[in-house]
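What follows is each chain in one-letter form.
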Amino acid sequence: MHNKFSILHFLLISTLMLTSVIATAETVQPEDLSSLQELRLVDSNDSHSQRLLITDRAGTKVVDTDNALPRIENVYSPNSYDGYMAELIAEHQGKASVTDLQGERYTLLSPSTQAGDYLVLITREDGNGVYNFNLKFRYNSAAKSFDLTQVLLNENNTECERSLLSTYVIDKQGLAFTSIADFDGTRAFGKLKDLRFEHQTSGAALEKLMPETESDNFNAALQAYKAGNREELKTLASYFMTAEGDDACDPGKYIVEKYYFPTKVRWSNDLGFLFEQAGYYQEAAELLKHITLKHPDRVVAYLNLADAYWGLGKKEPAKKAYSQYHEEMIKAGKEMRIPERVQARK
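Please read these numbers as outputs of a predicted model, since none were measured by experiment.

*Asks:* Help me out: how do you make sense of the sheet that holds strand 9 (residues 116–124) in this one?
*Replies:* Strand pairing within a sheet occurs via backbone hydrogen bonds; the two strands may be parallel or antiparallel. Pairing in this open sheet of 6 strands is antiparallel, and the strands run 5-6-9-10-11-12 from one edge to the other. For this open sheet the edge positions go to strand 5 (72–73) and strand 12 (164–170), each flanked by a neighbour on one side alone. Two elements, strand 5 and strand 6 (residues 81–91), share 2 bridges in a ladder whose sense is antiparallel. Bridge pairing in strand 6 links isoleucine 72 to aspartate 82. In the packing of helix 2 (residues 185–202) onto the sheet, the strands contacted are strand 5, strand 6, strand 9, strand 10 (131–140), strand 11 (145–156) and strand 12, and the crossing angle to strand 6 comes to about 85°.

Put into structure tokens, the structure is as follows:
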């Protein structure tokens, strides 16, 4: 589950992080940390940055830097500044927490994430309502250091609810920083922009992390389908949608970006199937059409896509998809496994 922060609280925290602090220091005392005591933001002698201080449980200072939290003038908005927010969090094995542009925190499935205490730097850019980065530094209590372990790119929906669409793992080598000790926030900020542009233009398939809530909801929906509980399936499938009724978002604006996982194609295909079985034909068609384009060898996706089109009353594209499925099954020598409806509809 993700925790929603109030807009007021989030704006106050953002202001504290991105401008000079009027008080002597702002202290963050995290919960469930095993080694760390607190994070403090202190006015720096340099008006263009804040001083970041972190102490451990024994009161020993483990971070003291002016380079991590710069105030970077926004080139488009006079008298406004970009930079980072800082958080201390405790991570569980195989799970990563991220904070998106709206200040909402999500738990994602991340096999490479190790349990421990982390310092997270979260980018903030005035006028940017599309993406942000979370830079995660894991605390090494033996070495008294914070090592950069993960760089995560969050993409938010620019329309509809503006909620989180995707979180991608960016190659941390591209930043040329290995720990908070050598981290230069100003240089990193520019490099992060370059990495996001590279992600947009290269077409390379980056590792995409799945939110824990979506994984859990998928498993529950699959069990409802197997049990023949269609009402429960429809309810659970609705949780994947970005609003409903008059506030419903056009599936073409979010379904593929949110639910297509290049390294988990079977999961995405099965979700498309569950959408179709629950009567969400448009959502199913959007997702399954993309899968057949990206993975033309995934034969079952043609059948699921055909059924979605049929449910929408789009008989011509349905017939085309049924025919494609039929042809591929014949080629594979699996004619006996072709459902009867395919012959009647193709």
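*Asks:* Even after reading the chapter, I still don't get the state of the cysteines, so can you show me in this structure?
*Replies:* Put plainly, two cysteines are in a disulfide when a covalent bond ties their sulfur atoms together. Evaluation of the coordinates by the stated rule reveals 1 disulfide. Two residues share a disulfide in this structure: cysteine 160 and cysteine 249, whose sulfurs sit 1.6 Å from each other. Where cysteine 160 bonds to cysteine 249 through sulfur, the torsion about that S-S bond is close to 45°, and the disulfide is right-handed. Here the residue cysteine 160 occupies a position in the loop between strand 11 and strand 12, and cysteine 249 occupies one in the loop between helix 4 (230–238) and helix 5 (255–259), the gap between them amounting to 89 residues. In this structure cysteine 160 comes out as partly exposed when scored by relative accessible area, which is 37%.

*Asks:* Looking at this model, I keep getting lost on helix 6 (residues 265–277). Mind explaining?
*Replies:* Every α-helical turn comprises 3.6 residues, leaving residues that sit three or four positions apart pointing alike. Its 13 residues give helix 6 an end-to-end C-alpha distance of 18 Å, which sits within 8% of 18 Å, the value for a rise of 1.5 Å per residue. Within helix 6, burial applies to Val265, Trp267, Ser268, Asn269, Leu271, Gly272, Leu274, Phe275 and Glu276. Among the structural elements, strand 13 (210–211), helix 3 (212–226), helix 4, helix 5, helix 7 (281–294) and helix 8 (299–312) are those in contact with the buried residues of helix 6. Directly beyond the C-terminal end of helix 6, a positive phi value near 90° is found at glycine 279.

*Asks:* Looking at this structure, how should I read the sheet that holds strand 13?
*Replies:* Strand order in this open sheet of 3 strands is 7-8-13, and the pairing throughout is antiparallel. Both outer strands of the open sheet, strand 7 (95–99) and strand 13, are each paired with one neighbouring strand and no more. With 2 bridges joining them, strand 8 (residues 105–109) and strand 13 adopt antiparallel strand pairing. Across the sheet, the residue bridging to leucine 109 is methionine 210, located in strand 13.

*Asks:* Teacher, can you tell me more about empty space enclosed by the protein here?
*Replies:* One simple way to see leftover space: roll a probe sized like a water molecule over the atoms. Tallying each qualifying case throughout the model produces 1 cavity of 30 Å³ or more. Every residue along the wall of the largest cavity is listed here: Leu101, Thr123, Arg124, Glu125, Asn128, Tyr131, Asn132, Phe133, Phe189, Leu192 and Lys193. If you list the elements that add at least two residues to the lining of the largest cavity, you get strand 9, strand 10 and helix 2. Class assignment for the residues of the lining of the largest cavity results in 5 nonpolar, 3 polar and 3 charged.

*Asks:* What exactly am I supposed to notice about the packing of aromatic side chains here?
*Replies:* To describe a pair of aromatic rings, you give the distance between the ring centres and the angle between the ring planes. Under the definition given, this model contains 13 aromatic pairs. Between phenylalanine 137 and phenylalanine 183 the ring centres are 5.6 Å apart and the planes differ by 80°, which places this aromatic pair in the edge-to-face class. Separated by 46 residues along the polypeptide, phenylalanine 137 in strand 10 and phenylalanine 183 in the loop between strand 12 and helix 2 bring together distant segments of the chain. Judged on exposure class, the residue phenylalanine 137 and its partner phenylalanine 183 are both buried. Ring geometry for tyrosine 259 against phenylalanine 275: centres 6.2 Å apart, planes inclined by 75°, an arrangement best described as edge-to-face. Of the two residues, tyrosine 259 is situated in helix 5 and phenylalanine 275 in helix 6; the sequence distance between them amounts to 16 residues. Classification of tyrosine 259 by relative accessible area gives buried; the value is 2%. The exposure class assigned to phenylalanine 275 is buried, which follows from its relative accessible area of 0%. An aromatic cluster of three or more residues is present, and its members are Tyr84, Phe137, Phe177, Phe183 and Phe189. Note that lysine 136 overlies the ring of tyrosine 118, its terminal NZ or CZ placed 5.6 Å from the centroid. When the ring centre of tryptophan 310 is taken as reference, the NZ or CZ atom of lysine 315 above it lies at 4.4 Å.

The rules behind these values
Residues numbered from 1 in each chain as written. Predicted model: local features only at pLDDT ≥ 70, side-chain atom pairs only at ≥ 80, totals over all residues. Heavy atoms only, no water. Pairing = 2+ DSSP bridges. Helix = DSSP H or I, 4+ residues; strand = E, 2+ residues; numbered from the N terminus. Contact = heavy atoms within 4.5 Å. Axes fitted to C-alpha atoms, helices over the stretch in contact; angles between N-to-C directions. Disulfide = S-S within 2.5 Å. Buried < 20%, exposed > 50% of the residue type's maximum accessible area, 1.4 Å probe, protein only. Expected span 1.5 Å × (residues − 1). 1 Å grid on protein atoms, 1.4 Å probe; cavity = no way out; pocket = protein on both sides within 12 Å on 5 of 7 lines; lining within 4 Å. Points joined across faces, edges and corners; volume = space filled by probe spheres on them. Nonpolar A, V, L, I, M, F, W, Y, C, P; charged D, E, K, R; others polar. Phe/Tyr/Trp six-rings, centres within 6.5 Å; stacked < 30°, edge-to-face > 60°. Lys NZ or Arg CZ within 6 Å of the ring centre and 35° of its normal.

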